[in-house]
Amino acid sequence: MKHTIILGTAHLSTTPGKCSPDGRLREYAYSREIVFKLETALKALGYTVFVDYRSAEPDARMHARSWRAAQRLELARRVRIVNDICTRYGTEKCIYVSIHLNAAGADGKWHRARGFSVYVCPDASNDARRLASLFTSTAKSMNLTGNRSIPPQNYWTSNLYVLRHTLCPAVLTENLFQDNRDDVDFLLSDEGRQAIVNLHLNAIEAYSKCCR
Ligand SMILES: [Zn+2]
């Protein structure tokens with residue numbers, strides 16, 4: 001069965017921080033670039049694909065509020081979009097993949113941590129765990145796990161809003177570190193961009209083949 005894939009973009013252009021110390025890489029923009037490339041590639045393979053929040057700008061309701069209040073509205077809106085699609089297409093047919101970049105510090109400095117990791121919420125379904133595990137094994141096979149230790153269960157758990165409140169199996173991918181120089185150089189290269197797209201493509205294909 002071809003699943004319905006809902007891709008999540010990261011943050012908004014107005015979210016503070018969320019960039020490399022030298023400003024070359026901005027998480028909201030990079031995430032959208034990967035999401036749009038992945039959307040095209042998945043559609044070419046016959047998947048039905050949606051994006052939770054395409055624009056990089058806050059909408060009218062979010063505007064003129066503090067960024068924290070805007071973020072609450074943004075996250076609620078992402079969840080509403082995902083859950084509407086789940087209701088329309090069937091929760092068991094959908095998966096949600098939210099695409100982010102990691103950071104080791106929020107201090108505007110470079111750090112040593114490198115590599116890919118993936119999160120599910122603590123009470124995630126078995127399907128979400130299977131999807132997350134496939135992401136980790138794909139990242140390992142592509143040599144993208146850097147110097148990160150990988151937990152025994154193959155994924156991390158965190159009570160992230162978009163994972164906790166969405167109905168379908170949901171994972172959040174942290175695609176290397178925006179505050180590690182080597183990761184940033186790789187992410188900004190053509191090879192790096194393609195690797196992040198391929199990682200998602202391969203993991204989603206593996207899930208779609210093995211699950212239901
Ligand atoms: Zn993020």
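None of these values were measured; they are calculated from a predicted model.

So, how was this worked out
Residues numbered from 1 in each chain as written. Predicted model: local features only at pLDDT ≥ 70, side-chain atom pairs only at ≥ 80, totals over all residues. Buried ≥ 20, exposed ≤ 12 C-beta atoms within 10 Å, placed from the backbone. Helix = DSSP H or I, 4+ residues; strand = E, 2+ residues; numbered from the N terminus. Arc of directions from axis to C-beta. Contact = placed C-beta atoms within 7 Å. Pairing = 2+ DSSP bridges. Axes fitted to C-alpha atoms, helices over the stretch in contact; angles between N-to-C directions. Core = buried A, V, L, I, M, F, W, Y, C linked by C-beta atoms within 7 Å. Parallel < 35°, antiparallel > 145°, perpendicular 65-115°, else oblique. Left-handed = near helix turned anticlockwise from the far one by under 90°. Nonpolar A, V, L, I, M, F, W, Y, C, P; charged D, E, K, R; others polar. Right-handed = clockwise from strand over helix to strand, strands pointing away.

S.K.: In this structure, what is going on with helix α5 (residues 181-188)? I would like to understand it.
M.R.: Every α-helix winds through 3.6 residues per turn, so residues three or four apart in the chain are directed the same way. Those residues of α5 that sit buried are D183, V184 and L187. Considered in projection along α5, the buried side chains sweep an arc of 100 degrees and stay on one side of the axis. In this structure, the buried side of α5 is in contact with α1 (27-44), β6 (170-177) and α6 (190-210).

S.K.: Explanation requested: the sheet that holds β6 in the structure shown.
M.R.: The strands making up a sheet associate through hydrogen bonds between their backbones, and the pairing can be parallel or antiparallel. The strand order across the open sheet formed by six strands is β2-β1-β3-β6-β4-β5, and the pairing between neighbours is mixed. For this open sheet the edge positions go to β2 (48-51) and β5 (156-157), each flanked by a neighbour on one side alone. Strand contacts of α1: β1 (4-8), β2 and β3 (94-102), with the helix running at about 145 degrees to β3, the strand carrying the most contacts.

S.K.: What am I meant to see in the nonpolar core here?
M.R.: Within soluble globular proteins, side chains that are nonpolar tend to cluster in buried spots. The biggest cluster of nonpolar side chains holds 53 residues, and the ones touching the most others in it are I95, Y96, V120, L131, A132, F135 and V171. It is α6 that contributes the most residues to this core, seven residues altogether. Among all residues touching A132, those that are not within four sequence positions of it are V118, V120, N154, Y155 and V171.

S.K.: Would you explain the packing of helix α3 (residues 126-141) against α6 in this entry?
M.R.: The axes of two packed helices give the description: the angle between them and the distance between them. Interaxial distance between α3 and α6 falls to 9 Å at its minimum, and their mutual angle equals 135 degrees. With respect to their mutual orientation, α3 and α6 come out oblique. Along this stretch, α3 crosses α6, giving a crossing that reads as right-handed. Of the residues in α6, those in contact with R130, L131, L134, F135, T138 and A139 of α3 are L199, N202, A203, A206 and Y207. Taken together, the residues of the contact of α3 with α6 break down into eight nonpolar, two polar and one charged.

S.K.: Help me understand the pairing of β2 in this model?
M.R.: For a regular strand, side-chain orientation follows a simple rule: the groups alternate between the two sheet faces. With four bridges connecting them, β1 and β2 associate as parallel partners. Each residue of the ladder has a partner; that of I5, found in β2, is V49. Handedness of the β1-α1-β2 crossover: right-handed.

S.K.: It is not clear to me how the packing of α1 against α6 should be interpreted in this structure. Could you clarify?
M.R.: Contact geometry for α1 and α6: axes closest at 9 Å, N-to-C directions at 45 degrees. Compared by their axis directions, α1 and α6 come out oblique. With respect to the hand of their crossing, α1 and α6 are arranged in right-handed fashion. Taken together, the residues of α6 that come into contact with α1 (itself represented by I34, K37, L38, A41 and L42) are I196, V197, H200, L201 and I204. The residue makeup of the contact of α1 with α6, split by class, is eight nonpolar, one polar and one charged.

S.K.: Even after reading the chapter, I still don't get unusual backbone geometry, so can you show me in this structure?
M.R.: Peptide bonds are trans in most cases, and residues, glycine excluded, mostly fall at negative phi. Although it is not a glycine, K18 adopts a positive phi angle of roughly 55 degrees. For K18, a count of 21 C-beta atoms within 10 Å puts it in the buried group.

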